[in-house]
Amino acid sequence: MKLRKNSSYEIIDDALDYKQFENVKNYICSSSFSWYFQNTVAYLDGHSELVKEPLTELQQIYNDMYIHTIYADHLLNTTHEVWETIEPIINMLKIKSLIRIKVNSYPRTSEIIHHKNHFDFPFEHKGALFYVNDCDGLTVLEDGTEIENVANRLLLFDASKSHHSTTTTNKSRRLNINFNYF
């Protein structure tokens with residue numbers, strides 16, 4: 001496990017041991033893992049006090065993704081098998097109260113598309129992104145810091161602050177697991 005710390009975020013490379021990581025990756029990448037279409041990646045115009053700019057033409061075209069919601073609204077929204085698969089990550093986070101967990105799948109595009117800035121929830125809370133695969137996609141934080149999508153990397157940050165995701169150009173999809181918690 002390699003740790004890099006900054007005042008606004010923390011990166012843990014090789015977050016899980018090899019066997020645990022392969023278990024998570026293989027399960028999420030399997031053909032039996034369920035995906036659900038979501039027609040927005042970030043807020044629609046006028047949907048957030050934080051971001052008032054309209055979507056660019058490319059953001060409008062590529063403003064969709066597939067997700068798998070694991071936990072939201074105080075409910076487990078998946079199988080116990082999925083929960084058990086990601087439990088090693090949950091245990092690392094020392095969660096006091098869980099808000100949401102979802103798996104994100106962003107499509108490959110011919111050029112990197114930066115999605116619209118957003119915050120996950122409009123109150124202070126912790127966020128964690130666990131990167132499932134290597135690709136040229138990014139997470140861009142409020143100060144412009146670009147975090148590369150590196151497999152088995154865990155990014156810890158304040159998800160109530162402005163940030164955004166991107167697509168990927170060098171893999172069929174960009175995969176990460178998004179945790180929001182206290």
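Everything here concerns the structure above.
Bear in mind that the values here come from a model prediction, so they are computed numbers and not experimental data.

Focus on the nonpolar core
A general tendency of soluble globular proteins is for nonpolar side chains to be buried together.
Step number 1: Grouped together as the largest cluster of nonpolar side chains are 28 residues, with contacts concentrated most on Ile28, Ile89, Ile101, Phe130, Leu154, Ile177 and Phe179.
Step number 2: Taken together, the elements giving at least two residues each to this core come down to α1 (18-29), β4 (65-72), α3 (80-93), β6 (98-107), β7 (126-131), β10 (153-158) and β12 (173-181).
Step number 3: In terms of residue count, the dominant contributor to this core is α3 (five residues).
Step number 4: Apart from the residues lying within four places of it in its own chain, the contact partners of Ile89 are Leu16, Val24, Phe130, Leu154, Ile177 and Phe179.
Step number 5: Judged by nonpolar contacts, the second largest core, of nine residues, contains Tyr9, Leu129, Tyr131 and Leu141.

Structural notes on unusual backbone geometry
Step number 1: In the Ramachandran plot, Asp73 falls in the positive-phi region, its phi being about 55° despite a non-glycine side chain.
Step number 2: Along the chain, Asp73 turns up in the loop between β4 and β5 (75-76).
Step number 3: The exposed category is assigned to Asp73, whose relative accessible area is 66%.
Step number 4: The phi dihedral of His74 falls on the positive side, at around 65°, and the residue is not glycine.
Step number 5: Along the chain, His74 turns up in the loop between β4 and β5.
Step number 6: The class of His74 is exposed, set by a relative accessible area of 69%.

Section: the pattern of salt bridges
Step number 1: Taken as a whole and assessed by the stated rule, the structure comprises four salt bridges.
Step number 2: Across the pair Arg4 and Asp13 runs a salt bridge whose closest N-O atoms are separated by 3.5 Å.
Step number 3: Given a relative accessible area of 14%, Asp13 falls into the buried group.
Step number 4: With a shortest N-O distance of 3.9 Å, Arg100 and Asp120 are connected by a salt bridge. Of this pair, Arg100 sits in strand β6 while Asp120 sits in the loop between β6 and β7, and the two are 20 residues apart along the sequence. There is no split in this pair, since Arg100 and Asp120 are both buried.
Step number 5: One network of salt bridges, in which partners are shared, links Arg4, Asp13 and Arg153.

Description of the packing of aromatic side chains
Step number 1: In total, this model carries six aromatic pairs according to the counting rule given.
Step number 2: Note on Phe37 and Tyr66: the rings are 5.5 Å apart at their centroids and 70° apart in plane angle, and the pair reads as edge-to-face. Remark: Tyr66 occurs in strand β4 and Phe37 occurs in strand β3 (residues 36-38); sequence separation between them is 29 residues.
Step number 3: Aromatic ring contacts, followed pair by pair, group Tyr27, Phe33 and Trp35 into a single cluster.

Focus on α3
Step number 1: Given a rise of 1.5 Å per residue, 14 residues ought to cover 20 Å, and the 19 Å separating the end C-alpha atoms of α3 matches this to within 8%.
Step number 2: At Glu87, α3 is deflected by roughly 50°, the largest bend along its length, and proline Pro88 occurs up to four residues later in sequence.
Step number 3: Residues of α3 that are buried: Val82, Thr85, Ile86, Pro88, Ile89, Ile90 and Leu93.
Step number 4: On its buried side, α3 packs onto α1, β4, β6, β7, β10 and β12.
Step number 5: Of the residues flanking the end of α3, it is Lys94, one or two places downstream, whose phi is positive at about 50°.

A look at the packing of α1 against α3
Step number 1: Running from N to C, α1 and α3 cross one another at 140°; their axes reach a closest spacing of 9 Å. Classed by the angle they form, the pair α1 and α3 counts as oblique. Crossing angle aside, the handedness with which α1 passes α3 is left-handed. Residue-level inspection shows Gln20, Asn23, Val24 and Tyr27 of α1 in contact with α3, the latter providing Glu81, Val82, Thr85, Pro88 and Ile89.
Step number 2: Of the residues assigned to the contact of α1 with α3, the class counts are five nonpolar, three polar and one charged.

Rules used in this analysis
- Residues numbered from 1 in each chain as written.
- Predicted model: local features only at pLDDT ≥ 70, side-chain atom pairs only at ≥ 80, totals over all residues.
- Heavy atoms only, no water.
- Core = buried A, V, L, I, M, F, W, Y, C linked by side-chain atoms within 4.5 Å.
- Buried < 20%, exposed > 50% of the residue type's maximum accessible area, 1.4 Å probe, protein only.
- Helix = DSSP H or I, 4+ residues; strand = E, 2+ residues; numbered from the N terminus.
- Contact = heavy atoms within 4.5 Å.
- Salt bridge = Lys/Arg side-chain N within 4 Å of Asp/Glu carboxyl O.
- Phe/Tyr/Trp six-rings, centres within 6.5 Å; stacked < 30°, edge-to-face > 60°.
- Expected span 1.5 Å × (residues − 1).
- Bend = angle between axes of the 7 residues up to and from the residue.
- Axes fitted to C-alpha atoms, helices over the stretch in contact; angles between N-to-C directions.
- Parallel < 35°, antiparallel > 145°, perpendicular 65-115°, else oblique.
- Left-handed = near helix turned anticlockwise from the far one by under 90°.
- Nonpolar A, V, L, I, M, F, W, Y, C, P; charged D, E, K, R; others polar.

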